[in-house]
Amino acid sequence: MQLDQGWRLSQGDDAPLLHWVDVGFSQPTPDKIGIAVSGGGDSMALLHLYVRWAAQTHRPIAAVTVDHGLRPESAQEAAEVAQFCAAHGVVHDILKWDTWDGHGNLQAAARDARYALIADWARRHGITGVALGHTKDDSAETYVMRLARKAGIDGLAVMARQFQRDGMTWARPLWMASRDELRAYLQRNDVTWADDPSNDNADFERVRTRKALETLAEVGVTRDVLHHAAHKAAQARDALDHYTRNEARSQITAQNGDLILPATMDLPAELQRRLWSKAVQWVGRLGYPPRATSINHLRDGLALDDRATAGGCLAIRHGKTIRITREANAVKTLSAPTDQPWDTFWQLIGPHAPDLTIRALGDGIRDCPDWRDTGIPRAALMATPAVWRGETLIAAPVAGLQNGWNAQIVADFHEWLDAH
């Protein structure tokens, strides 16, 4: 905590919100904090709270607004945030998003763009932590939306108070506050905010969910109840993650970038699913765990045949074990200089030269006479890194054709699992 607690407690009804901002980031608090501000009530309350926090702690802050250009009012709202920041001595930047191609889910695309743009902005300004204005209401709405999608424990868990994304630390200091509490705070402190008209547009799922919550409240399923349920789901998720990590150490073996699992496990179904999910996520270099349907498809495919694919991975049954390896098609277009990482996890050591590149071995396995001696299936070897000069194969270290080269996996699966 950075605030003088005597001062905080003297702030009356504002004291609880100032406390949440004070402990918004886990220790140590970032040397400089960024605040993502749309101009709406939640983010304006967050910004005003941080202005007061910075004045007391003498810690630097900066604010940023992403103008998606999707509504005619967005430019004016961003300008109003800039005016507020100028009046309070806060550095503020407006970022433009104009790369949407009109395809896919607009809100999802806008969210992804916002995170990426803000993370890049933060790095340029020496900021290591960015605060977001998500509230208890957001948690309740997300819970209902994911429930409608038949989400499991992970999907129903409350939004993380702090998380990593796009190489940046993000925090949600107001996760325990309600929108009503923040509107009351703004009114007490004479701070204006913009109301996004899209919040009344029933074309958006979140708007329909908010209206449904009004009906649910009539039977006692309030936002507080849903937030509590999401918190309990997070506790259950954390317990399952703990046992998943423990079981992974005894059940999963790493070998040359592949993972070896028992074909049968004497474990509860959910733990088995999690082990498979984490294995596919790691081998497939996926940013998020694959959907349960993908894992079911993979395992069902193995029940019918000895091979199945999902998430950029190939699963191969061999006796009592399953090998999860990279799918050759997923890496066939990847290319990198030999002194750079390839396919995220591979690093090659050898006589580097400017005219050499790393590409997947692929059909070059025909020029590896000793590949069978490795004990690794042919399909798995085809997805491993090889050194090429144009179309001439120079080395394929994993496939037994070394010629002075070695290949190393630079991300240990079990260490990665502990970190995720």
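Note that the coordinates shown come from a computational prediction; the quantities given were computed from them, not determined experimentally.

## Things to note about the overall build of the protein chain
Okay, step 1: Counting secondary structure elements, the protein chain contains 15 helices and 17 strands.
Okay, step 2: By its C-alpha atoms, the protein chain is 75 × 55 × 45 Å across when sized along the principal axes.
Okay, step 3: Each of the 420 residues in the protein chain was classed as buried or not, and the buried ones make up 48%.
Okay, step 4: Across the protein chain, every contact between residues at least 6 apart in sequence was considered, and the portion connecting residues at least 24 apart equals 65%.
Okay, step 5: By element, 50% of the accessible surface of the protein chain is carried by carbon and sulfur atoms, the whole surface being about 20900 Å².
Okay, step 6: Here the protein chain carries 46 positive and 52 negative side-chain charges, and the mean point of each set is 3 Å from the other.

## Let's talk about the nonpolar core
Okay, step 1: If you look at the biggest cluster of nonpolar residues, it comprises 32 residues, and the most contacted ones within it are Met 44, Leu 47, Tyr 50, Trp 53, Ile 61 and Leu 174.
Okay, step 2: Secondary-structure elements contributing two or more residues to this core are helix H2 (15-22), strand S1 (33-36), helix H3 (41-57), strand S2 (61-67), helix H4 (74-87) and helix H8 (179-188).
Okay, step 3: Ranked by residues supplied to this core, first place goes to H3 with 9 residues.
Okay, step 4: Not counting chain neighbours up to four residues away, the residues in contact with Met 44 comprise Val 37, Gly 39, Val 81, Phe 84, Leu 186, Val 191, Thr 192 and Trp 193.
Okay, step 5: Membership of the second largest hydrophobic core comes to 28 residues, among which are Trp 346, Trp 388, Leu 393 and Val 398.

## Topic: the packing of aromatic side chains
Okay, step 1: Using the criterion set out here, one finds 7 aromatic pairs in the structure.
Okay, step 2: When the ring of Tyr 115 is compared with that of Trp 170, the centres are 4.8 Å apart and the planes differ by 85°; the resulting orientation is edge-to-face. Taken together, the residues Tyr 115 in helix H5 (residues 106-124) and Trp 170 in strand S6 (residues 168-171) connect sequence positions 55 residues apart. No difference in accessibility class separates Tyr 115 from Trp 170, as the two residues are buried.
Okay, step 3: Plain terms: the ring middles of Phe 163 and Trp 170 are 6.5 Å apart, the flat faces sit at 15° to each other, and that makes the pair stacked.
Okay, step 4: For Trp 170, a relative accessible area of 0% puts it in the buried group.
Okay, step 5: In this structure an aromatic cluster arises from ring pairing among Trp 282, Phe 345, Phe 413 and Trp 416.

## Details of the sheet that holds S2
Okay, step 1: On the basis of which strands lie adjacent, the open sheet formed by 6 strands has the order S3-S2-S1-S4-S6-S5 and mixed pairing. At either margin of the open sheet sits one strand with a lone partner, and together these are strand S3 (91-96) and strand S5 (162-165). Across this sheet, the average inter-strand angle for adjacent strands is 30°, counted without regard to direction.
Okay, step 2: Alignment of S1 against S2, held across 4 bridges, turns out to be parallel. Bridging from a neighbouring strand, Ile 33 pairs with Ile 61 of S2.
Okay, step 3: Sheet strands in contact with H3 are S1, S2 and strand S4 (129-131), and its direction is about 155° off that of S1.

Basis of the calculations
- Residues numbered from 1 in each chain as written.
- Predicted model: local features only at pLDDT ≥ 70, side-chain atom pairs only at ≥ 80, totals over all residues.
- Heavy atoms only, no water.
- Helix = DSSP H or I, 4+ residues; strand = E, 2+ residues; numbered from the N terminus.
- Buried < 20%, exposed > 50% of the residue type's maximum accessible area, 1.4 Å probe, protein only.
- Contact = heavy atoms within 4.5 Å.
- Areas by Shrake-Rupley, 256 points an atom, 1.4 Å probe, with all protein chains shown as cover.
- Lys, Arg positive; Asp, Glu negative; His and termini not counted.
- Charge placed at Lys NZ, Arg CZ, Asp CG, Glu CD.
- Core = buried A, V, L, I, M, F, W, Y, C linked by side-chain atoms within 4.5 Å.
- Phe/Tyr/Trp six-rings, centres within 6.5 Å; stacked < 30°, edge-to-face > 60°.
- Pairing = 2+ DSSP bridges.
- Axes fitted to C-alpha atoms, helices over the stretch in contact; angles between N-to-C directions.

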